[in-house]
Amino acid sequence: MNPLTIKVACSNCNLRELCMPVGLNEEQLQRIDEVVAVRRKVKRGGTLFRNGESFTSLYAIRTGFFKTCVATEDGRDQVTGFQMAGEIIGLDGIVNDHHTCDAVALEDAEVCVMPFDRIEELSREVTALQHHVHKIMSREIVREHGVMLLLGSMRAEERLAAFLLNLVQRLHARGFSQSELVLRMTREEIGSYLGLKLETVSRTFSKFVEEGIVEVKQRHVRILDTDSLRRIVNSQQTCH
């Protein structure tokens, strides 16, 4: 079944500052509007693209939340990332012209479809767009590098503290609270991403609650002591 598609204009989108380069003139914005011709809805649990599928487009998440994952040899799902509104998803497909993971909606979502050949074509004419695309790619590389460091040497508390700080920081950039968040992913998915067992994730959350660092009500998390979370993460870095 084809997902619903809707005509959209970037020039009047409230996420424009996050997705698109600033300082474009009217004509350039109009050119970008022509590239992003379509919006696509993905229901919770639905897949935006699958591992092995041909790569044709990048997707700007307009609303909703996604996880990217790959199936391991023993059939488990390994979560490789979480993406939220205002972020670009699908960059994994650029290297070999096919996607290397599944992108699954963790809640009802809507994305703007940006055909990559059109982006490349336009990037050659609008330097600001080319620079912006490079910046987005670079940000993903830096984030992945951060995750590798996280999984390489951090203890459970450090991993979870870094994860919560990163989520809050990304949400704050989108105008949300700096201390409250709703976890769209399960504890199990967090564990898969951080390389921790489900019990370890639950135990670490409980430890943070006991120490008065966070307040947890099901999926609602309130950070009571950001400095403590930062200290937990930084204690690891100062050890090296």
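Residues numbered from 1 in each chain as written. Predicted model: local features only at pLDDT ≥ 70, side-chain atom pairs only at ≥ 80, totals over all residues. Heavy atoms only, no water.

1. What about the sheet that holds strand β5 (residues 65–71)?
If you trace the four strands from one edge of the open sheet to the other, you get β3-β8-β5-β6, paired in antiparallel fashion. In this open sheet, the two strands that pair with only one neighbour each are β3 (47–49) and β6 (77–84). Between one strand axis and the next, the sheet turns through 30 degrees on average, direction left out of account. When β5 meets strand β8 (residues 102–105), the two strands line up antiparallel, connected through four bridges. Residue pairing for β8: T68 is matched across the bridge by A103. Most of the contacts of helix α5 (residues 156–173) go to β6, to which it runs at about 30 degrees, and overall it touches β5 and β6. With respect to the sheet, helix α6 (residues 187–194) is in contact with β5 and β6, its orientation differing from that of β6 by roughly 105 degrees. (Pairing = 2+ DSSP bridges. Helix = DSSP H or I, 4+ residues; strand = E, 2+ residues; numbered from the N terminus. Axes fitted to C-alpha atoms, helices over the stretch in contact; angles between N-to-C directions. Contact = heavy atoms within 4.5 Å.)

2. Side note on the environment of R143
As for its placement among the helices and strands, R143 is situated in helix α4 (residues 127–153). Residue R143 is classed as buried on the basis of its relative accessible area, which comes to 17%. Between the alpha carbons of R143 and N166 there is a distance of 9.7 Å; along the sequence they are 23 residues apart. Not counting the four nearest positions on each side in its chain, R143 is found in contact with F82, E87 and R170. (Buried < 20%, exposed > 50% of the residue type's maximum accessible area, 1.4 Å probe, protein only.)

3. Side note on the nonpolar core
Among the nonpolar cores identified, the biggest contains 34 residues, and F163, M185, I190 and F208 are the most heavily contacted of them. Contributions of two or more residues to this core are made by β6, α5, α6, α7 (198–210), β12 (220–223) and α8 (226–239). Filtering out sequence-adjacent residues up to four positions away, F163 remains in contact with F82, M185, I190, Y193 and L194. (Core = buried A, V, L, I, M, F, W, Y, C linked by side-chain atoms within 4.5 Å.)

4. A short note on the layout of surface pockets
If a probe as big as a water molecule is rolled over the atoms, it shows which places are left empty. Of the pockets and cavities examined, the second largest pocket occupies roughly 630 Å³. Along the wall of the second largest pocket there are 27 residues; nearest its centre are T68, T80, D92, E140 and E144. Elements supplying a minimum of two residues to the lining of the second largest pocket: β5, β6, β7 (88–89), α4 and α6. With eight residues, α4 is the single largest residue contributor to the lining of the second largest pocket. Tallied by class, residues from the lining of the second largest pocket come to 14 nonpolar, eight polar and five charged. (1 Å grid on protein atoms, 1.4 Å probe; cavity = no way out; pocket = protein on both sides within 12 Å on 5 of 7 lines; lining within 4 Å. Points joined across faces, edges and corners; volume = space filled by probe spheres on them. Nonpolar A, V, L, I, M, F, W, Y, C, P; charged D, E, K, R; others polar.)

5. Some thoughts on the environment of E215
Secondary-structure assignment places E215 in strand β11 (residues 214–217). Sequence separation of E215 and D225 is ten residues, and the distance between their C-alpha atoms is 9.9 Å. Apart from residues no more than four positions distant in its own chain, E215 is found in contact with H220, V221, R222 and L224.

6. Here's the deal with the pairing of β6
Examined bridge by bridge, β5 and β6 share seven bridges and lie antiparallel to one another. Bridging across to β6, K67 finds its partner in F82. Between β5 and β6, which pair antiparallel in sequence order, lie five residues; one of them, G75, sits at a positive phi of approximately 90 degrees.

7. What to know about the confidence of the model for the protein chain
Considering every residue of the protein chain, the mean pLDDT works out to 84; 88% of them sit at 70 or more. Contacts of residues 1–7 to residues separated by more than four positions or lying in other chains number 14 contacts, the stretch itself having pLDDT below 50. (pLDDT = per-residue confidence, 0-100.)

8. Section: α6
Across the eight residues that make up α6, a large majority, six, are buried. Taken together, the buried positions of α6 are E189, I190, G191, S192, Y193 and L194. One or two positions beyond α6, positive phi appears at G195, with a value near 70 degrees.

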